[in-house]
Amino acid sequence: MREDFLTGSDPDLCSECSQPVPGRPTFVEYEGEEIFLFDPIICATCLLELCQRHSVVCANCGNKIPPYSMVGVLKADHGEQQYVHMTTRCSSVGSAFHGYLGKGTLGPFVQVEAC
Ligand SMILES: [Zn+2]
Ligand SMILES: [Zn+2]
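Residues numbered from 1 in each chain as written. Chains lettered and ligands numbered in written order. Predicted model: local features only at pLDDT ≥ 70, side-chain atom pairs only at ≥ 80, totals over all residues.

1. Side note on the overall build of the protein chain
Next, step 1: Helix and strand content of the protein chain: one helix and ten strands.
Next, step 2: Mapped from its N terminus to its C terminus, the protein chain presents α and β elements in the order β-β-β-β-α-β-β-β-β-β-β.
Next, step 3: Across the protein chain, every contact between residues at least 6 apart in sequence was considered, and the portion connecting residues at least 24 apart equals 51%. (Helix = DSSP H or I, 4+ residues; strand = E, 2+ residues; numbered from the N terminus. Contact = placed C-beta atoms within 7 Å.)

Take a look at the structure:
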């Protein structure tokens with residue numbers, strides 16, 4: 001008995017480098033945060049690169065916040081925005097706006113806590 005798992009479905013292509021992405025979600029670990037990305041389709045290599053390029057520093061704990069994770073947005077002086085983690089490890093947010101940090105428009109995503 002032989003089953004063909006690929007019947008009828010082409011592999012998804014990375015929206016950054018157009019290489020086939022073997023399966024979703026794409027999973028990377030960056031700065032201690034685990035990121036599971038369903039949409040957009042991005043391969044692990046590109047996702048890690050995006051993390052390095054687009055992550056911001058948390059205004060609360062000083063650690064990196066990777067793109068495609070949930071953030072709290074704080075209004076700072078001079079109209080600037082500061083970002084904080086929306087995780088249990090870094091949770092002294094107080095009154096803040098909730099938002100998503102990403103590159104361009106964001107699709108749905110899931111973040112799983114590393115604890
Ligand atoms: Zn890629
Ligand atoms: Zn933090």
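Back to the text.
2. Some remarks on the pairing of strand β3 (residues 26–30)
Successive side chains on a regular strand alternate, one facing one side of the sheet and the next facing the other.
Next, step 1: For β3 and strand β4 (residues 33–37), the ladder comprises five bridges, and the chain directions are antiparallel. Counted as the bridge partner of Y30 is E33 from β4.
Next, step 2: Between β3 and β4, which pair antiparallel one after the other, the connecting turn spans two residues, and E31 there sits at a positive phi close to 50 degrees. (Pairing = 2+ DSSP bridges.)

3. Considerations on helix α1 (residues 44–54)
Quick reminder: α-helices carry 3.6 residues per turn. Residues three or four places apart thus point the same way.
Next, step 1: For α1, the set of buried residues is C46, L47, L50 and C51. Burial along α1 is one-sided: seen end-on, the buried residues are contained in an arc of 145 degrees.
Next, step 2: Elements in contact with the buried residues of α1: β3 and β4. (Buried ≥ 20, exposed ≤ 12 C-beta atoms within 10 Å, placed from the backbone. Arc of directions from axis to C-beta.)

4. As for the nonpolar core
Next, step 1: The biggest cluster of nonpolar side chains holds twelve residues, and these are V21, V28, I35, L37, I41, I42, C43, C46, L47, L50, C51 and Y68.
Next, step 2: At the level of elements, β4 and α1 are the ones that each hand at least two residues to this core.
Next, step 3: One finds A59, I65, V71 and Y83 within the second-largest nonpolar core, a separate group that totals six residues. (Core = buried A, V, L, I, M, F, W, Y, C linked by C-beta atoms within 7 Å.)

5. Some points on the confidence of the model for the protein chain
Next, step 1: Looking at the protein chain, pLDDT values average 76 and 70% of them are 70 or higher.
Next, step 2: Taken element by element, the protein chain is modelled with least confidence in strand β10 (residues 110–111), mean pLDDT 48, and with most confidence in α1, mean pLDDT 93.
Next, step 3: Confidence drops under pLDDT 50 across residues 105–110; counting only partners more than four residues distant or on other chains, this segment forms twelve contacts. (pLDDT = per-residue confidence, 0-100.)

6. Quick look at the environment of D12
Next, step 1: Residue position: D12 is located in strand β1 (residues 12–13).
Next, step 2: Along the chain, D12 and C43 lie 31 residues apart, while their C-alpha atoms are 9.5 Å from each other.
Next, step 3: Setting aside residues up to four positions removed in sequence, D12 forms contacts with V21, R24 and I41.

7. Some details on unusual backbone geometry
For residues other than glycine, phi is negative in most cases, and the peptide bonds are mostly trans.
Next, step 1: R24 connects to P25 through a cis peptide bond whose omega is 0 degrees.
Next, step 2: With respect to the helices and strands, the residue P25 is situated in the loop between β2 (20–21) and β3.
Next, step 3: In this structure, P40 follows D39 across a cis peptide bond, with omega equal to 0 degrees.
Next, step 4: Within the secondary structure, P40 sits in the loop between β4 and α1.
Next, step 5: With phi around 65 degrees, S18 is a residue other than glycine that occupies positive phi space.

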